[in-house]
Amino acid sequence: MEAMYLLEMRQIDKQFPGVHALDHVNFRVRAGEIHALMGENGAGKSTLMKILTGLYRKDTGEIILDGQQVSFNSPLEAQRAGISTIYQEINLIPYLSIAENIHLGREPMNRTGIDWKQVNQRAERILREMGVEADVTQPLCSYGTAVQQMVAIARAISVQAKLIVMDEPTSSLDEKEVEILFRQMRKLREKGIAIIFISHRLDEVFEICDTVTILKDGKLVSESPAAELSKLELVSRMIGRDATDVLRRKNGVYQGTGGVPVLEAHGITDKEKLRGVSLRIRQGEIVGLAGLLGAGRTELAKVIFGDNPDYTGTLAVNGQEVRWKAPRDAIAKGFAYCSEDRKAEGIFSHMSVRENMTMAILPRIARRGLVNVGRQKDIVDRYIKSLSIKTPGQEQLIRNLSGGNQQKVLLARWLCMEPRLIILDEPTRGIDIGAKAEIEALIQDIAGQGISVLLISSELEELVRNCHRVIVIRDGKNIGELESDMLSEGNIMRTIAQDILQEGGACI
Ligand code: ADP
Ligand code: MG
């Protein structure tokens, strides 16, 4: 009996430290189809493909290719089994010739060794068929990205694969080159070869793909024929919300007025996620940062707090440009940061409430290295009262407190330093509803005292309820800003949906 699917990945699970990149994902591909793998940044697409091609090891799950259970330890093993790959990052050797790159490891031989004449002729023929003009004897690096990308594709095609994985192959191609690629892809499909196609451009997906599988946050959302899916439906599934009604109203444009901002970040770019993101916060203002997982929210917070000195762009505090080397520089200017991961970065579980709360101000309340215990106790008492922290006393170990009360101790740690700006990264994650409401009330109080707040939260209701203004980012860039009447959950999601659609060059 012939297997119905060329490839079946079953219950694939993969954890990275702190990230559940793939959560028991099922993914299957038929012979002779072009299968789109869709999802927002960080959804797990590349990880799934790297597991398939032997670059990463899966934690659990099984892979069935042509009815046989397989497990590859390297891309070479996968290639021998008929799976070839074109990665997002081009994986060729720049100083070898184009022809060598196309044949690498599979060069035709004659009696004296590699048959160079044949190597070059074959490469020429393949590229000519693809409509690429290049001298195949020249080093690959003498050509631009587009040609290099085409060479990667030529290589994949010439391997005689059953299945070709293309992870964002079009991102550096122009329109004409995309057409050439698509022509090749259709030819391959006619020969019964399957292609897994990853692209951010929706139009491409609808033009070329037969089937669409959608991932979100490491989970399978759906698999369906492309013909049964509208662009709107696809986007809704990718972002996990109904994009239909939110796409109607006009976007609100923020028109800020008056005063020198407490913080102004401009064009912040880092090595990983951030691509020119900007924001400003005024005194006493609560600014929200919204975006899907992987948009770059925490990364931006880290740059603002000096926790990532490796950035370009500018930061200014009260109009004065600053350049942080470490968090201590930011702290010295009155910045505070309650991190997303209380357990890993914030709490010293074996220490008391008092020690945890006053850790950061010790230098201030100490003289010649001796802590003024009386003053320390006064401060702790004051914050236990004003934040209504439920603890039998100052000496209680913090790990014995509930999550919400631990969070309050952390907040107090920063508040007792009398900051001018506090960054709260997911401050209500993992705490119960009652404590949530209390933390939210505290945020309002803090701003009421003139402290500026940068609030990061995945819960849009929380942003809408608490913020004066919300900045929406995606892929490390600003895509919108919402305030007053325009600030709603729907508008935040609409901003994100619209950006995805625009990227696809689509109109609905
Ligand atoms: P996509 O290709 O859909 O954008 P990825 O598969 O690259 O998503 O990433 C899925 C998740 O796994 C992300 O949260 C990403 O940060 C994380 N991740 C990917 N590769 C690694 C790695 N080598 N180490 C740690 N985390 C990783
Ligand atoms: Mg990827």
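Coordinates for the structure precede this section.
Because the structure is a prediction, the values reported are computed rather than measured.

This part is about the overall build of the protein. The secondary structure content of the protein amounts to 18 helices and 24 strands. Based on the C-alpha atoms only, the size of the protein along its principal axes is roughly 90 × 50 × 50 Å. Of the contacts made within the protein by residues no fewer than 6 positions apart, 66% connect residues no fewer than 24 positions apart. Carbon and sulfur atoms make up 48% of the accessible area of the protein, which amounts to about 23400 Å² in all. Where the 65 positive side-chain charges of the protein centre and where its 68 negative ones centre are 4 Å apart.

Turning to helix α9 (residues 297-304), a few remarks are in order. Of all the 8 residues making up α9, 6 are buried; the element is thus mostly covered by neighbouring parts of the structure. Once α9 finishes, G306 follows within two positions and takes phi at roughly 80°, a positive value.

This brings us to the side chain of N308. By the element assignment, N308 lies in the loop between α9 and β16 (311-317). Here D310 takes part through its backbone nitrogen, which lies 3.0 Å from a polar atom of the side chain of N308. In this view, N308 contacts D270, K302 and V303; residues no more than four positions away in its chain are not counted.

Take the pairing of strand β22 (residues 452-456) next. Among the 5 residues of β22, 5 are classified as buried, and the element is accordingly described as predominantly covered. Here β22 shows a buried face lined by S452, L454 and I456 and a second buried face lined by V453 and L455. Two strands pair when backbone bridges link them, and strand β15 (residues 286-290) and β22 are joined in this way by 4 bridges, in the parallel orientation. Across the sheet, the residue bridging to V287 is L454, located in β22. With 5 bridges joining them, strand β21 (residues 421-425) and β22 adopt parallel strand pairing. Paired with L424 across the two strands is L455, which belongs to β22.

Conventions we followed
- Residues numbered from 1 in each chain as written.
- Chains lettered and ligands numbered in written order.
- Predicted model: local features only at pLDDT ≥ 70, side-chain atom pairs only at ≥ 80, totals over all residues.
- Heavy atoms only, no water.
- Helix = DSSP H or I, 4+ residues; strand = E, 2+ residues; numbered from the N terminus.
- Contact = heavy atoms within 4.5 Å.
- Areas by Shrake-Rupley, 256 points an atom, 1.4 Å probe, with all protein chains shown as cover.
- Lys, Arg positive; Asp, Glu negative; His and termini not counted.
- Charge placed at Lys NZ, Arg CZ, Asp CG, Glu CD.
- Buried < 20%, exposed > 50% of the residue type's maximum accessible area, 1.4 Å probe, protein only.
- Polar contact = N/O pair within 3.5 Å; in protein donor to acceptor, adjacent residues only side chain to side chain.
- Pairing = 2+ DSSP bridges.

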